[in-house]
Every structure is written in structure tokens, then in C-alpha cells.
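Below, each chain spelled out in residue letters.
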Amino acid sequence: MNQMREGEILLVDDREEDVALALRALRRHDLAGRMVVARDGVEALELLLPDSLAEAVHFLPRVIPLDLKLPRLSGVEVLRRLKQDERTRAVPVVALASSDQEAEIAICCEFGVNSYIVKPVEFEAFARAVGDPGTY
């Protein structure tokens, strides 16, 4: 049986600049060592949701900052799948979006997003949000 890893932050983002900014902000709060990065939606789901529902989740982060514009599988679709699955439903998801379009916000809210932040992100606020999942 694989042991579940907890306490990490799963950043799902394909832009190297955004990953670097997130790491810098998290270092200020001594959280950078606990961040795992997935570069697209498929990679994120492979980390979080094993193929079989009978399998336990092997990686359960405290919070998931999730870029909505991802290659291979959109962030909105990742959000939908995470919130529909009982194994990951309770994990807080912070949507990172390039716009504040009402339609996109409405869809994310419908799927259960916990926060919605428009890029470019003020990374001190970002670090506080992911550093204190008790907010959710």
C-alpha cells in the first residue's frame, strides 16, 4: 500500500514565469519546499486521481492553485473532475485566471472553486491564501 503524502501545495501551471513567482512568494513563508508542480491538467489528475476508484489517493495537497488555461486539459475541466470525485472534493482550489470574465467565474463557482484570482497575481496575497487553507 502506498503512503499518502499530505501537506503539499499542488501548483498546476504551465507558465515557467508563474511557477517561479509562486516559488518566490512561498519561500517567504517557508512553504516552497512543500510545493509540487503539474504542468498541465492531465498531469494534475494523474497525481491526484488514480485510475481506479478503489485505489486510495496517493497525493492529497492542502490546496491547489490551478491555472485555468492549461495544455491538454483545461483547468476548468480539472476543477470539475476534482470536485466531482469524493476523494478530492474537499481540497480547496484557487483558480488562477487571465481575466475576470463573469461567465468563467460563474462556471468555476458552479463547479465548487474556493477562490478566483486574476493574473497577474499579487503574490503576497497568493502566498497567504495557499499558506492558510483554514481560510476555506
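Our structure is the block above this text.
Only a predicted model underlies this, so the values are computations on that prediction, with no experimental measurement involved.

Asker: I'd love a proper account of the overall build of the chain, names of residues and values included.
Answerer: Per the secondary structure count, the chain includes five helices and seven strands. Each helix (α) and strand (β) of the chain, taken in turn from the N terminus, gives the series β-β-α-β-α-β-β-α-β-α-β-α. The buried share among the 136 residues of the chain stands at 49%. In the chain, 68% of the contacts between residues at least 6 apart in sequence involve partners at least 24 apart. As presented, the chain carries roughly 7200 Å² of accessible surface, and 50% of it is formed by carbon and sulfur atoms.

Asker: Go over the nonpolar core with me, naming the residues and quoting the values.
Answerer: One finds Val12, Ile64, Leu66 and Leu82 to be the most contacted residues of the largest nonpolar core, which totals 25 residues. For this core, the secondary-structure elements that each account for two or more residues are strand S2 (9–12), helix H2 (41–48), strand S4 (59–60), strand S5 (64–67), helix H3 (75–84) and strand S6 (93–97). Residue contributions to this core peak at four residues, all from H3. In this view, Val12 contacts Ala38, Asp40, Ala44, Ile64, Pro65, Leu66, Asp67 and Leu70; residues no more than four positions away in its chain are not counted. Core analysis: the second largest hydrophobic core is formed by eleven residues, Ile9, Val19, Met35 and Leu96 among them.

About the thresholds
- Residues numbered from 1 in each chain as written.
- Predicted model: local features only at pLDDT ≥ 70, side-chain atom pairs only at ≥ 80, totals over all residues.
- Heavy atoms only, no water.
- Helix = DSSP H or I, 4+ residues; strand = E, 2+ residues; numbered from the N terminus.
- Buried < 20%, exposed > 50% of the residue type's maximum accessible area, 1.4 Å probe, protein only.
- Contact = heavy atoms within 4.5 Å.
- Areas by Shrake-Rupley, 256 points an atom, 1.4 Å probe, with all protein chains shown as cover.
- Core = buried A, V, L, I, M, F, W, Y, C linked by side-chain atoms within 4.5 Å.

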